[in-house]
Amino acid sequence: MQTPDHEPIPASDRSTILERTLAGAVQDQRTVDAGRKSIAPLLDGMSFFDSVRHDDDRGSVTELYDPRWPWSTEPMVFSYMFTIRPGMVKGWGLHKLHEDRYFVISGEIELVLYDPRPDSSTCGKICKVYLSGHRPRLINIPRNIWHADHNIGTVEAVVINFPTIPYDHSAPDKYRLPIDTDLIPYDFGAAKGW
Ligand SMILES: Cc1cn([C@H]2C[C@H](O)[C@@H](COP(=O)(O)OP(=O)(O)O[C@H]3O[C@H](C)C(=O)[C@H](O)[C@H]3O)O2)c(=O)[nH]c1=O
């Protein structure tokens, strides 16, 4: 019951407020390691590679991809840019033959992934990662992973992709499901896309 400000709280209640409120509370679990890096699990075969943005009084420089980086073992053979309008979802999509390797240039994306690979330790799991132009880094999306990119920001998101094979215009390596499919346990709510 609410006690009006001017009424003193009885001593018997005062002694138990902390205990009673904490009894209904949930303690945060660990989310970062000793180096302050997120420990949220990715799907089998996924990893990030951080780049560095160099700022000066004229602007900035950020390297996007260097095959010498100790990251992807597959060659850099093709690159293109795609954008996503605010609120829109691009997905669900899956590639059988190639990996995607994204670098978000600007905007904010919630990348949702679903692992249907029978031999994967993360089979059946959903994974979400947040990518933005504020944190320059690469992320790969392994073959046979359903993925959908949701622009959760207020401006058009710009992404550079470095897929592991060039685009085949006659037979695209792309398989699609609608974003509201019952086959993937994830709900984009009112967001629209395909
Ligand atoms: C990828 C590509 C596409 N196209 C043509 C084919 C279509 O007429 C048009 C749109 O292609 P698509 O519908 O495949 O694009 P998105 O659905 O935006 O897919 C992109 O965004 C999602 C989130 C991804 O994960 C894909 O890897 C990425 O390609 O561009 C080309 O001509 N060259 C290309 O390299």
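All values reported here derive from a predicted model rather than from experimental measurement. (Residues numbered from 1 in each chain as written. Predicted model: local features only at pLDDT ≥ 70, side-chain atom pairs only at ≥ 80, totals over all residues.)

Let us look at the overall build of the protein. Per the secondary structure count, the protein includes one helix and 13 strands. The globule rule puts the C-alpha radius of gyration for 194 residues at 16 Å, and the 22 Å found for the protein is more than 25% above it. Projecting the C-alpha coordinates of the protein onto the three principal axes gives extents of approximately 75 × 50 × 30 Å. Relative to its full complement of 194 residues, the protein shows a buried share of 20%. (Helix = DSSP H or I, 4+ residues; strand = E, 2+ residues; numbered from the N terminus. Rg over C-alpha atoms; globule rule 2.2 N^0.38 Å. Buried ≥ 20, exposed ≤ 12 C-beta atoms within 10 Å, placed from the backbone.)

This paragraph deals with the nonpolar core. Formed by 21 residues in total, the largest nonpolar core has its most connected members in Tyr102, Val104, Ile109 and Leu113. Going through the elements one at a time, strand 5 (88-94), strand 6 (100-106), strand 7 (108-114), strand 9 (137-141), strand 10 (146-151) and strand 11 (157-161) are the ones with two or more residues in this core. Tallying contributions element by element places strand 7 first for this core, with five residues. Leaving out residues up to four positions away in the same chain, Leu113 has contacts with Leu43, Cys127, Ile141, Ile145, Trp146 and His147. (Core = buried A, V, L, I, M, F, W, Y, C linked by C-beta atoms within 7 Å. Contact = placed C-beta atoms within 7 Å.)

Of the consecutive residues Gly91 and Trp92, the connecting peptide bond is found in the cis state with omega at -15°. By the element assignment, Trp92 lies in strand 5. A positive phi angle, close to 70°, is found at Arg36, a residue other than glycine. A tally of 6 C-beta atoms within 10 Å means that Arg36 is categorised as exposed. Residues other than glycine seldom take positive phi values, yet Asn144 does so here, at roughly 65°. Among the structural elements, Asn144 can be located in the loop between strand 9 and strand 10.

Let us look at the site of the ligand. Residues in contact with the ligand, as listed here, are Tyr80, Phe82, Lys90, Gly91, Gly93, Asp100, His147, Asp149, Asn161, Tyr167, His169 and Lys174. Contributions of two or more residues to the shell around the ligand are made by strand 4 (80-84), strand 5 and strand 10. Among the elements that take part in the shell around the ligand, strand 5 stands out by supplying three residues, more than any other. The residue inventory of the shell around the ligand, partitioned by class, reads three nonpolar, five polar and four charged. (Near = placed C-beta within 6 Å. Nonpolar A, V, L, I, M, F, W, Y, C, P; charged D, E, K, R; others polar.)

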